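Take a look at the letters that make up each chain.
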Amino acid sequence: MSIKKTAVVIGATGNLGSAIVAALEKAGVTIKNKPVPEKKTRRGPDPKLRLALDYDRAQELLWDEEKPAAALELLDKILAQHPRDADSWFEKGNALDALGKFDGAAEAWQQCLGLKKKYPDANYNLANYYKECGMLSEAQAQIDAALANGLKSSPEAWHIRGQLQLAAGKKSTAVADLQKALKLYQKNLKDENERAEFLFQMACVSALLADTATAQDYLRQAIELDATFRKRAKTDPDLKGIA
């Protein structure tokens, strides 16, 4: 009499090794629920990490290597995939500004602010843009936003605000703003890498405050550190009649 060697294993067999399953089947055991081989998948790069790496590289191209065209190309690629990344819009504006495309730069900074309302550096850049375009009320609104949103310790921001207040005929407010700028520039003089630039800006502020002798002294010190400031002084409207 023959004996059937078929049996049924009921229930999950996910914990059974493949070798055990093979041995059972060879012995005539029918496996009702065979273990499914684990699928091995390869993870692609984390999109957030990829974005961070590309953004860092764009900043290197723009600021360290002074290659704004290459930075702009990379930033456009980033924004094609991440159109709501405010930081990339901000740096795109800076790249366009470096290339002399000022209207495009302003549009990029506006895009940045549309995505992130509190972005004081974008406000500051737009204030500069509007000031140069003669759009003084728009410039005032942007520099006020910059100061309110985090740039109260920026001498450059108070400097611009003082310029705008003078243009609006608000002399007492202008003097207060320019004095704040001067104090903050003086505080930053310890930075040896920026010392010549700060001395030059202090000359500009002193000239706006009608302190001609002090303005000339600061300008002399700036030129002694970096002769290129002699040429800049001739075209800077703050130093009209000083240089």
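Just above, that's the structure.
Heads up: these notes are all about the structure in this document. (Residues numbered from 1 in each chain as written. Predicted model: local features only at pLDDT ≥ 70, side-chain atom pairs only at ≥ 80, totals over all residues. Heavy atoms only, no water.)

Some points on the overall build of the chain
Phase 1: For the chain, the count of helices and strands is 12 helices and two strands.
Phase 2: When the elements of the chain are put in sequence order from the N terminus, they spell out β-α-β-α-α-α-α-α-α-α-α-α-α-α.
Phase 3: Of all 243 residues assigned to the chain, the portion counted as buried reaches 38%.
Phase 4: For the chain, the share of sequence-separated contacts (at least 6 apart) that also reach a separation of at least 24 residues comes to 43%.
Phase 5: Carbon and sulfur atoms form 52% of the exposed surface of the chain, whose accessible area is close to 15400 Å². (Helix = DSSP H or I, 4+ residues; strand = E, 2+ residues; numbered from the N terminus. Buried < 20%, exposed > 50% of the residue type's maximum accessible area, 1.4 Å probe, protein only. Contact = heavy atoms within 4.5 Å. Areas by Shrake-Rupley, 256 points an atom, 1.4 Å probe, with all protein chains shown as cover.)

Details of helix 3 (residues 68–81)
Phase 1: Taking 1.5 Å per residue as the helical rise, helix 3 with its 14 residues ought to reach 20 Å, and the 20 Å between its terminal C-alpha atoms agrees with that figure.
Phase 2: When we look at burial in helix 3, the residues that qualify are P68, A71, L72, L74, L75, I78 and L79.
Phase 3: Lining the buried residues of helix 3 we find helix 2 (47–64) and helix 4 (86–98). (Expected span 1.5 Å × (residues − 1).)

Comments concerning the layout of surface pockets
Phase 1: Volume-wise, the largest pocket comes out at about 1100 Å³.
Phase 2: Taken together, the elements giving at least two residues each to the lining of the largest pocket come down to helix 2, helix 4, helix 5 (102–115), helix 6 (120–132), helix 8 (155–167), helix 10 (195–208) and helix 12 (228–235).
Phase 3: Considering each element in turn, the lining of the largest pocket owes the most residues, seven residues, to helix 6.
Phase 4: The residue makeup of the lining of the largest pocket, split by class, is 15 nonpolar, eight polar and nine charged. (1 Å grid on protein atoms, 1.4 Å probe; cavity = no way out; pocket = protein on both sides within 12 Å on 5 of 7 lines; lining within 4 Å. Points joined across faces, edges and corners; volume = space filled by probe spheres on them. Nonpolar A, V, L, I, M, F, W, Y, C, P; charged D, E, K, R; others polar.)

Remarks on the nonpolar core
Phase 1: Of all hydrophobic cores here, the largest spans 62 residues; its most connected members are I143, F200 and L239.
Phase 2: No other element matches helix 10, which puts nine residues into this core.
Phase 3: Sequence-distant contacts of F200, defined by excluding residues within four places in its chain, comprise L219, A222, F229, R232, A233, D236 and L239. (Core = buried A, V, L, I, M, F, W, Y, C linked by side-chain atoms within 4.5 Å.)

Re the packing of helix 4 against helix 5
Phase 1: Relative orientation of the contacting elements helix 4 and helix 5 amounts to 165°, with a least axis distance of 8 Å. Considering their axes alone, helix 4 and helix 5 lie roughly antiparallel with respect to each other. Pair helix 4 / helix 5 crosses with left-handed handedness. Judged by residue contacts, A86, W89, F90, K92, G93, N94, L96 and D97 of helix 4 engage F102, G104, A105, A108, W109, Q111, C112 and L115 from helix 5.
Phase 2: Looking at the contact of helix 4 with helix 5, its residues break down into 10 nonpolar, four polar and two charged. (Axes fitted to C-alpha atoms, helices over the stretch in contact; angles between N-to-C directions. Parallel < 35°, antiparallel > 145°, perpendicular 65-115°, else oblique. Left-handed = near helix turned anticlockwise from the far one by under 90°.)

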